[in-house]
Amino acid sequence: MVPLLRTNDVVLISFLEALLKDAGIPHIVLDGNMSVVEGSLGIIARRIMVDEDDRPAAVRLMIDAGLEHELAPEKGRKQS
């Protein structure tokens, strides 16, 4: 699994989960329960993970939804 998105925005996570579910793209949200441990400070971002083979379709889905600025950088790709 590879990261598609890292954020503390629960609305964005919910929206993207709905998009992925509707598109039939399996995903998992990691670090969702860390807010209990960290005291809801928002320090630890939640990660939406998808299978590496599904990442191109998930990226296309995010771009089509106008969320390209939220994408996690691909491994090995430099951020500008």
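Quick summary incoming for the structure in this document.

About the cut-offs
Residues numbered from 1 in each chain as written. Predicted model: local features only at pLDDT ≥ 70, side-chain atom pairs only at ≥ 80, totals over all residues. Heavy atoms only, no water. Pairing = 2+ DSSP bridges. Helix = DSSP H or I, 4+ residues; strand = E, 2+ residues; numbered from the N terminus. Axes fitted to C-alpha atoms, helices over the stretch in contact; angles between N-to-C directions. Contact = heavy atoms within 4.5 Å. Salt bridge = Lys/Arg side-chain N within 4 Å of Asp/Glu carboxyl O. Buried < 20%, exposed > 50% of the residue type's maximum accessible area, 1.4 Å probe, protein only. Expected span 1.5 Å × (residues − 1). Arc of directions from axis to C-beta. Polar contact = N/O pair within 3.5 Å; in protein donor to acceptor, adjacent residues only side chain to side chain. Parallel < 35°, antiparallel > 145°, perpendicular 65-115°, else oblique. Left-handed = near helix turned anticlockwise from the far one by under 90°. Core = buried A, V, L, I, M, F, W, Y, C linked by side-chain atoms within 4.5 Å.

**Considerations on the sheet that holds strand 1 (residues 2–7)**
Next up, step 1: With antiparallel pairing, the three strands of this open sheet are ordered in space as 1-3-2. Both outer strands of the open sheet, strand 1 and strand 2 (27–30), are each paired with one neighbouring strand and no more. Here the average twist between neighbouring strands, direction ignored, is 25°.
Next up, step 2: In this fold helix 1 (residues 10–23) packs onto strand 1, strand 2 and strand 3 (46–50), with an angle of close to 10° to the strand it touches most, strand 3.
Next up, step 3: The sheet strands contacting helix 3 (residues 55–64) are strand 1 and strand 3, and the helix crosses strand 1 at an angle near 30°.

**Some thoughts on the pattern of salt bridges**
Next up, step 1: Evaluation of the coordinates by the stated rule reveals two salt bridges.
Next up, step 2: Among the ionic pairs, R47 bridges to D31, the shortest N-O distance being 2.8 Å. Taken together, the positions of R47 in strand 3 and D31 in the loop between strand 2 and helix 2 (34–38) put the pair 16 residues apart, joining distant regions of the chain.
Next up, step 3: The exposure class of R47 is partly exposed, given its relative accessible area of 24%.

**A word on helix 1**
Helical geometry note: an α-helix holds 3.6 residues per turn, so side chains three or four residues apart project in the same direction.
Next up, step 1: Across its 14 residues, helix 1 extends 20 Å between first and last C-alpha, which sits within 8% of the 20 Å expected from 1.5 Å per residue.
Next up, step 2: Those residues of helix 1 lying buried are L12, I13, L16, L19 and L20. The buried residues of helix 1 occupy an angular sector of 130° when the element is viewed end-on, so they sit on one face. Facing away from the buried side of helix 1, by more than 90 degrees, are the exposed residues V11, K21 and D22.
Next up, step 3: For helix 1, the side-chain oxygen to backbone nitrogen distance between the N-cap and V11 is 3.0 Å, and the N-cap itself is D9.

**Describing the packing of helix 1 against helix 3**
Next up, step 1: With their axes 11 Å apart at the nearest point, helix 1 and helix 3 run at an angle of 125° to one another. Our classification of the angle between helix 1 and helix 3 gives oblique. The two elements helix 1 and helix 3 meet at a crossing, and its hand is right-handed. In contact with L16, L19, L20 and A23 of helix 1, helix 3 contributes A58, L61 and M62.

**Some remarks on the nonpolar core**
Next up, step 1: L4, L16, L20 and V50 are the most contacted members of the largest nonpolar core, which has 16 residues in total.
Next up, step 2: Among the secondary structure elements, those contributing two or more residues to this core are strand 1, helix 1, strand 3 and helix 3.
Next up, step 3: At five residues, the largest contribution of residues to this core is made by helix 1.
Next up, step 4: Here V50 is in contact with M1, V2, L4, L20, I25, P26, H27, R55 and A58, once residues within four sequence places are set aside.

In short, the description is geometric, and any link to function would need to be established separately.
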